[in-house]
Amino acid sequence: QVQLVESGGGLVQPGGSLRLSCEVSRNSFRILTMGWYRQAPGKQRELVARITGGGSTNYADSVKGRFTISRDNAKNTAYLQMNSLKSEDTAVYYCNVQSFTNQYWGQGTPVTVST
């Protein structure tokens, strides 16, 4: 059973930074795209950023220039560096990985941006 373990969420003041990590284990498949999504209270889950195995990235317009996604293929781990955080970034952040045939989700890690 594949496992996605997220870490790094928490409470931060506006303007601050956090780094999320997502480690994939027990996978018998090749990981293609790794990504981060978020869901704020009362809103739909939305894409934040994703990265292909070759390193190509794309970002939601709302986070461009502030967030950076990266991955370490040897460690099956994806990262999301979040800088200049705003209150509207408050949400539960979910890791997502895709194989040729399936996609998998982490359990989510909460991020709260508040004074």
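A short tour of the structure in this document, coming up. (Residues numbered from 1 in each chain as written. Predicted model: local features only at pLDDT ≥ 70, side-chain atom pairs only at ≥ 80, totals over all residues. Heavy atoms only, no water.)

This part is about the side chain of Glu6. Here Glu6 lies in strand β1 (residues 3-7). For the buried Glu6, which has no salt bridge, the nearest side chain bearing the opposite charge is Arg45, at an N-O separation of 7.8 Å. A polar contact of 2.5 Å, which involves the side chain of Glu6, links it to the backbone nitrogen of Cys95. There is a polar contact of 3.1 Å between the side chain of Glu6 and the backbone nitrogen of Gln107. (Helix = DSSP H or I, 4+ residues; strand = E, 2+ residues; numbered from the N terminus. Buried < 20%, exposed > 50% of the residue type's maximum accessible area, 1.4 Å probe, protein only. Lys, Arg positive; Asp, Glu negative; His and termini not counted. Salt bridge = Lys/Arg side-chain N within 4 Å of Asp/Glu carboxyl O. Polar contact = N/O pair within 3.5 Å; in protein donor to acceptor, adjacent residues only side chain to side chain.)

This next bit is on the packing of aromatic side chains. According to the stated counting rule, one finds two aromatic pairs in the structure shown. Seen from their ring centres, Phe29 and Tyr104 are 4.8 Å apart, and the 10° between their planes marks the pair as stacked. Of this pair, Phe29 sits in the loop between β3 (18-25) and β4 (34-39) while Tyr104 sits in strand β10 (residues 103-105), and the two are 75 residues apart along the sequence. Note on Tyr104: relative accessible area 22%, which makes it partly exposed. Summarising the aromatic geometry, the rings of Tyr37 and Trp105 are spaced 5.0 Å apart at their centres and angled 70° between planes, so their arrangement reads as edge-to-face. With Tyr37 in strand β4 and Trp105 in strand β10, the pair connects residues that are 68 residues apart, well separated along the chain. Given a relative accessible area of 15%, Tyr37 falls into the buried group. What makes Trp105 partly exposed here is its relative accessible area of 34%. In this structure, Arg19 is placed above the aromatic ring of Tyr79, and the distance from its NZ or CZ to the ring centre is 4.1 Å. (Phe/Tyr/Trp six-rings, centres within 6.5 Å; stacked < 30°, edge-to-face > 60°. Lys NZ or Arg CZ within 6 Å of the ring centre and 35° of its normal.)

For the coordinates displayed, the defined rule picks out four salt bridges. Residues Glu46 and Arg38 are paired through a salt bridge, measuring 2.7 Å at the closest nitrogen-oxygen approach. A relative accessible area of 35% places Glu46 in the partly exposed class. With relative accessibility at 6%, the residue Arg38 sits in the buried group. Of the charged contacts in the structure, one is a salt bridge between Asp61 and Lys64, with a shortest N-O distance of 3.1 Å. One continuous salt-bridge network, built from bridges that share partners, spans Arg38, Glu46, Arg66 and Asp89.

Once that is clear, we can look at the state of the cysteines. What the rule picks out here adds up to one disulfide. Paired through a disulfide, Cys22 and Cys95 show a sulfur-sulfur distance of 2.0 Å. Negative torsions about the S-S bond denote left-handed disulfides, and the value of about -80° found for Cys22 with Cys95 makes this one left-handed. Taken together, the residues Cys22 in strand β3 and Cys95 in strand β9 (residues 91-98) connect sequence positions 73 residues apart. Cys22 gets classed as buried once you look at its relative accessible area, which sits at 0%. (Disulfide = S-S within 2.5 Å.)

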